[in-house]
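Structural overview
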Amino acid sequence: DAVGDQDPQRAYLSLSDSYRESHSQADFDKFITQHDPLFKGGTARVVASRTLTRNRNKKRYMTVLILDSAGRSRGNATFLVRHTGKTNEHGDPIPIIDDIIVGEPEEVRQQNEVAAAVQEHLRLLGKGDYQGAWSLMDPSFTDQTDRETFKAYITSQGDLFGPEGKAKIQSMDSNGTNAEAIVQVIDLERFKARGTVVYRLMRGRDQVWRIYEMRTQIKDVETQPDPPKK
């Protein structure tokens, strides 16, 4: 609203101390000017909110869709927010904005890509397509674990990898090339958690994320595929 009212100073002062320590008023004004068609005079509608855990540090992102006066989309902006415990007159929490990103942050994009790779893996396992799921694994996995060993491991986990499994990433650490994701598998038919799987993935030169290690956690007991017997 402050940007739309052409009051950049009020907009700048509404941001967190940490943002203003690393960005001057001139930096902020330049950023807004570069994206005038997106920010000025638009109306923001929250479309997504997510928490990412990286190296045990939590980051909370809020993505908004910005609409013009006719209700047409201008684009998205994502805010890195931090809760302070303060609330407004309606009792809603008032977050502090630590950063503004036009579009989607790289780490959010990476988490979405990893989640999609894991979800496709769960989809194939839910169909009983063990060959398809095994072939999606990184060669460093398939070179060490043959398809029958992989199938025996999957079927030994009860209904964890059964039909209608939804991947819910609880936390993820990534350096852009390698990632470790702790994934809760949700049963979409019963709306309950089946268990947790720790996935390690690698992004290849083709920019595709592939699983090279997986460990299941059922009642705090970890298991993983045994290497084939020689």
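Here we summarise the structure given alongside this text. In this text the structure is predicted, and so the values were computed from the model without any measurement.

Rules and cut-offs
Residues numbered from 1 in each chain as written. Predicted model: local features only at pLDDT ≥ 70, side-chain atom pairs only at ≥ 80, totals over all residues. Heavy atoms only, no water. Phe/Tyr/Trp six-rings, centres within 6.5 Å; stacked < 30°, edge-to-face > 60°. Buried < 20%, exposed > 50% of the residue type's maximum accessible area, 1.4 Å probe, protein only. Helix = DSSP H or I, 4+ residues; strand = E, 2+ residues; numbered from the N terminus. Pairing = 2+ DSSP bridges. Polar contact = N/O pair within 3.5 Å; in protein donor to acceptor, adjacent residues only side chain to side chain. Contact = heavy atoms within 4.5 Å. Arc of directions from axis to C-beta. Core = buried A, V, L, I, M, F, W, Y, C linked by side-chain atoms within 4.5 Å.

1. Comments concerning the packing of aromatic side chains
- Counted by the stated rule, this structure contains four aromatic pairs.
- Taken together, a centroid distance of 6.4 Å and an interplanar angle of 90 degrees make the contact between Tyr19 and Phe28 edge-to-face. Note on accessibility: Tyr19 and Phe28 belong to one class, buried.
- Ring geometry for Phe141 versus Phe150: centroids 5.9 Å apart, planes at 85 degrees, classification edge-to-face.
- On the basis of relative accessible area, Phe141 is assigned to the buried category, the value being 6%.
- Of the residues examined, Phe150 reaches a relative accessible area of 0% and is grouped as buried.
- Cluster of aromatic residues (ring-pair linked, three or more members): Tyr12, Tyr19 and Phe28.

2. Some thoughts on unusual backbone geometry
- Unlike most non-glycine residues, Glu164 shows phi in positive territory, near 60 degrees.
- Unusually for a residue other than glycine, Phe191 sits at a positive phi of about 55 degrees.
- With respect to the secondary-structure elements, Phe191 resides in the loop between β6 (178-187) and β7 (192-203).

3. A closer look at the pairing of strand β5 (residues 165-174)
- Sheet analysis places β5 next to β6, joined by nine bridges and oriented antiparallel. Following the sheet pairing, Asp173 is matched in β6 by Glu180.

4. Observations concerning the side chain of Arg203
- Along the polypeptide, Arg203 turns up in strand β7.
- By relative accessible area, which is 17% here, Arg203 ends up buried.
- Here Glu113 takes part through its side chain, which lies 3.2 Å from a polar atom of the side chain of Arg203.
- Only 2.9 Å separates the side chain of Arg203 from the backbone oxygen of Gly176, close enough to count as a polar contact.
- Non-local contacts of Arg203, meaning those with residues more than four positions away in its chain, are made with Glu106, Gln110, Glu113, Gly176, Thr177, Val208 and Trp209.

5. Comments concerning helix α8 (residues 147-155)
- Buried residues of α8: Thr149, Phe150, Tyr153 and Ile154, and no others. For α8, the arc enclosing every buried residue in end-on projection is 135 degrees, short of the 170-degree limit, so these residues lie on one face.

6. Focus: the nonpolar core
- Counting residues in each nonpolar core, the largest one holds 29 residues, and the members touching the most others are Val114, Phe161, Tyr199 and Met214.
- Contributing elements (two or more residues each) for this core: α5 (106-126), α6 (130-136), α8, β5, β6, β7 and β8 (209-218).
- For this core, the element with the highest residue contribution is α5, accounting for six residues.
- Membership of the second largest hydrophobic core comes to 18 residues, among which are Ala2, Ile32, Leu38 and Val64.

7. Topic: the environment of Pro105
- Turning to its location among the elements, Pro105 is positioned in the loop between β4 (93-102) and α5.
- For the pair Pro105 and Thr63, spaced 42 residues apart in the sequence, the C-alpha separation amounts to 9.9 Å.
- Residues contacting Pro105, with those up to four places away along its chain left out, are Tyr61 and Thr78.

Treat this as a map of the structure, not an account of what it does.
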